[in-house]
Amino acid sequence: QVQLVESGGGLVQAGGSLRLSCAASGRSFSRYAMGWFRQAPGKERDVVAAINWSGGLTYYADSVKGRFTISRDNAKNTVYLQINSLEPADTAVYYCATRDRASNPSMTVQDHAYWGRGTQVTITS
C-alpha cells in the first residue's frame, strides 16, 4: 500500500522560507514521478511542481517559478519542496502525490493516483 506523508508546513511571515518534505513508502519510490500540489480555501487543487523519477527533469507552475524548488532523494524515499519569498497568496494545504506507473512528470492532478493528507502552510503579511 502506497503511503505519502507530508511535513514541514507551518505559520510563516511573508518573505520567509519553508521546506516541505514528503516521505513515501509501500513501493519502489525511485521508479515513479512525483508532484506537489496545493489547495487554498474555496479553490481547486492546483499543481505547483513535478519531478521525474531521477530528479533530472522538473516542471513548475508559472506562479511559483523562481521561488519554489522541487527535489528528491531516492535513497531516503523523500521528495522536497523548497519555498522561498513566501507570499500570502501561497497560503494553502500542500499535498504530495505520485503517479501510478509513470516515471515522467505530469502537471495534471488527474494523472496522480496516490496522495498524502497534506500539510498546512499559512503566510502572514
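Here the structure is shown first, and the text comes after it.
Residues numbered from 1 in each chain as written. Predicted model: local features only at pLDDT ≥ 70, side-chain atom pairs only at ≥ 80, totals over all residues. Heavy atoms only, no water.

Peer 1: Would you mind going over the state of the cysteines in detail, with residue names and values included?
Peer 2: Per the stated rule, a full pass over the model turns up one disulfide. Across a sulfur-sulfur distance of 1.9 Å, Cys 22 and Cys 96 are joined as a disulfide pair. Taking the sign of the S-S torsion, 50 degrees for the link of Cys 22 and Cys 96, the bridge is right-handed. Residue Cys 22 is found in strand β3 (residues 18-25), and its partner Cys 96 is found in strand β9 (residues 92-99); the two are separated by 74 residues along the sequence. The pair Cys 22 / Cys 96 is uniform in exposure class, with both members buried. (Disulfide = S-S within 2.5 Å. Helix = DSSP H or I, 4+ residues; strand = E, 2+ residues; numbered from the N terminus. Buried < 20%, exposed > 50% of the residue type's maximum accessible area, 1.4 Å probe, protein only.)

Peer 1: How would you summarise the pairing of strand β1 (residues 3-7) if you had to cite specific residues and measurements?
Peer 2: Across the two faces of β1 the burial differs, with Leu 4 and Glu 6 buried and Gln 3, Val 5 and Ser 7 not buried at all. Relative to β3, β1 is paired through five bridges, and the arrangement is antiparallel. Among the inter-strand pairings, Val 5 is bridged to a residue of β3, identified as Ala 23. (Pairing = 2+ DSSP bridges.)

Peer 1: Tell me about the sheet that holds β3, and name the residues and values.
Peer 2: The strand order across the open sheet formed by four strands is β1-β3-β8-β7, and the pairing between neighbours is antiparallel. Single-partner strands in this sheet number two, and they are β1 and β7 (68-73). Taking each pair of neighbouring strands and ignoring which way they run, the sheet shows an average axis angle of 15 degrees. The pairing of β3 with strand β8 (residues 78-83) spans six bridges and is classified as antiparallel. By the bridge assignment for β8, Leu 18 is matched with Ile 83. (Axes fitted to C-alpha atoms, helices over the stretch in contact; angles between N-to-C directions.)

By themselves these figures say nothing about function.
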